[in-house]
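Read off the chains here:
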Amino acid sequence: MAALNKFLVSLLILVIAVAMQSQQAHSQSCPAQLNNLNVCAQYVVPGSTNTNPSAECCNALQSVQHDCLCNTLRVTARLPSQCNLPPLSCAANW
């Protein structure tokens, strides 16, 4: 479980880094918006006992522009195929 948590946090950091690089030409504010989401990391790691995001996390999420977040998710979804890995399947386990 600890290894999975470390992997997910590393993946989140990688997503932010990739998004920062790919979005700089599109929007200079997107990387800063995504960087502000670091306050939400403790709420997105599976197994976390923190189930209710803080006001700080909610405010950070609210400040991210729709296009910035959607483009980041698109980049993230493409990463496995670009690394010659099978696509992610995120079936709900809850």
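Coordinates for the structure precede this section.
Residues numbered from 1 in each chain as written. Predicted model: local features only at pLDDT ≥ 70, side-chain atom pairs only at ≥ 80, totals over all residues. Heavy atoms only, no water.

Draft legend 1. Local environment of the overall build of the chain. In terms of helices and strands, the chain carries five helices and zero strands. Listing each helix as α and each strand as β along the chain from the N terminus yields α-α-α-α-α. With 94 residues in all, the chain has 26% of them scored as buried. Taking the contacts inside the chain whose residues are at least 6 apart along the sequence as the reference set, 55% of them involve residues at least 24 apart. Of the roughly 6800 Å² that the chain leaves accessible, carbon and sulfur atoms contribute 60%. (Helix = DSSP H or I, 4+ residues; strand = E, 2+ residues; numbered from the N terminus. Buried < 20%, exposed > 50% of the residue type's maximum accessible area, 1.4 Å probe, protein only. Contact = heavy atoms within 4.5 Å. Areas by Shrake-Rupley, 256 points an atom, 1.4 Å probe, with all protein chains shown as cover.)

Draft legend 2. Summary view of the state of the cysteines. Counted according to the given criterion, the structure contains two disulfides. In this model Cys30 forms its disulfide with Cys68; the gap between the sulfur atoms is 1.9 Å. When the S-S torsion is 80°, as for the bridge of Cys30 with Cys68, the disulfide is right-handed. Here Cys30 is found in helix H2 (residues 30-36), whereas its partner Cys68 is found in helix H5 (residues 66-82), with 38 residues between them in sequence. The exposure class assigned to Cys30 is buried, which follows from its relative accessible area of 1%. For Cys68, a relative accessible area of 4% corresponds to the buried category. The partner cysteine of Cys40 in its disulfide is Cys57, sulfur to sulfur 2.0 Å. On the sign convention where negative is left-handed, the bridge of Cys40 and Cys57, at about 115° about the S-S bond, is right-handed. (Disulfide = S-S within 2.5 Å.)

Draft legend 3. Structural detail: the environment of Gln33. Secondary-structure assignment places Gln33 in helix H2. Setting aside residues no more than four positions away along its own chain, Gln33 makes contact with Ser63, Val64, Gln65 and Cys68.

Draft legend 4. Examining the nonpolar core more closely. Counting nine residues, the largest nonpolar core is built from Ile16, Cys30, Leu34, Leu37, Cys40, Cys57, Ala60, Val64 and Cys68. Counting only elements with at least two residues in this core, the list comes to H2 and helix H4 (55-63). (Core = buried A, V, L, I, M, F, W, Y, C linked by side-chain atoms within 4.5 Å.)

Draft legend 5. Expanded view of H5. Here H5 spans 24 Å end to end across 17 residues, near enough to the 24 Å set by a 1.5 Å rise per residue. The complete set of buried residues in H5 reads Cys68, Asn71, Thr72, Val75, Thr76, Leu79 and Pro80. Immediately downstream of H5, the backbone of Asn84 shows phi near 60°, a positive value. (Expected span 1.5 Å × (residues − 1).)

No statement about biological role is implied by the geometric values presented.
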